[in-house]
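Survey of secondary and tertiary structure
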Amino acid sequence: MALKWVDIYDIAIDLEETHPQADILRISFTDLWQKVIDLDDFQDEPNNSSEKILEAIQAAWLDERD
């Protein structure tokens with residue numbers, strides 16, 4: 001399944017599976033952005049992200065971990 005920036009929860013699931021030891025609360029947005037675009041299924045334009053999208057991904061990742 002091709003992931004796009006709007007697939008917040010699917011991205012969060014993939015991030016948790018790929019980086020289960022990541023410190024989600026301390027990750028910088030630049031590091032989070034890199035982890036997202038490095039996901040195997042991510043196929044969106046990297047520069048279409050925003051701080052709001054990255055915040056939503058970070059929150060969803062936290063929810064996924066809990």
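A short note on the packing of helix H1 (residues 8–18) against helix H3 (residues 51–65)
Orientation of H1 relative to H3, taken along the N-to-C sense of each, is 55°, at an axis distance of 8 Å. In terms of orientation, H1 lies oblique with respect to H3. The handedness of the crossing between H1 and H3 is right-handed. For the pair formed by H1 and H3, the contact residues are Ile8, Tyr9, Ile11, Ala12, Ile13, Leu15 and Glu16 on the first element and Ile53, Ala56, Ile57, Ala60, Trp61, Glu64 and Arg65 on the second. Tallied by class, residues from the contact of H1 with H3 come to eleven nonpolar, no polar and three charged.

Remarks on the packing of helix H2 (residues 29–37) against H3
Remark: H2 packs on H3, axes separated minimally by 10 Å, with the N-to-C direction vectors making an angle of 75°. One element, H2, and the other, H3, form an angle in the roughly perpendicular class. In contact with Phe29, Leu32, Trp33, Lys35 and Val36 of H2, H3 contributes Glu51, Leu54, Glu55, Ile57, Gln58 and Trp61. Of the residues that constitute the contact of H2 with H3, the class distribution is seven nonpolar, one polar and three charged.

Observations concerning the environment of Tyr9
Note that Tyr9 resides in helix H1. Judged by its relative accessible area of 59%, Tyr9 falls in the exposed class. Linking Tyr9 and Glu45, residues 36 residues apart in sequence, is a C-alpha distance of 18 Å.

Here's the deal with the side chain of Gln58
In this structure, Gln58 sits in helix H3. Once you skip the residues sitting within four places of it in the chain, Gln58 turns out to touch Ile24, Leu25, Ile27, Phe29 and Leu32.

Calculation notes
- Residues numbered from 1 in each chain as written.
- Predicted model: local features only at pLDDT ≥ 70, side-chain atom pairs only at ≥ 80, totals over all residues.
- Heavy atoms only, no water.
- Axes fitted to C-alpha atoms, helices over the stretch in contact; angles between N-to-C directions.
- Helix = DSSP H or I, 4+ residues; strand = E, 2+ residues; numbered from the N terminus.
- Parallel < 35°, antiparallel > 145°, perpendicular 65-115°, else oblique.
- Left-handed = near helix turned anticlockwise from the far one by under 90°.
- Contact = heavy atoms within 4.5 Å.
- Nonpolar A, V, L, I, M, F, W, Y, C, P; charged D, E, K, R; others polar.
- Buried < 20%, exposed > 50% of the residue type's maximum accessible area, 1.4 Å probe, protein only.

All we've got here are geometric facts, nothing functional implied.
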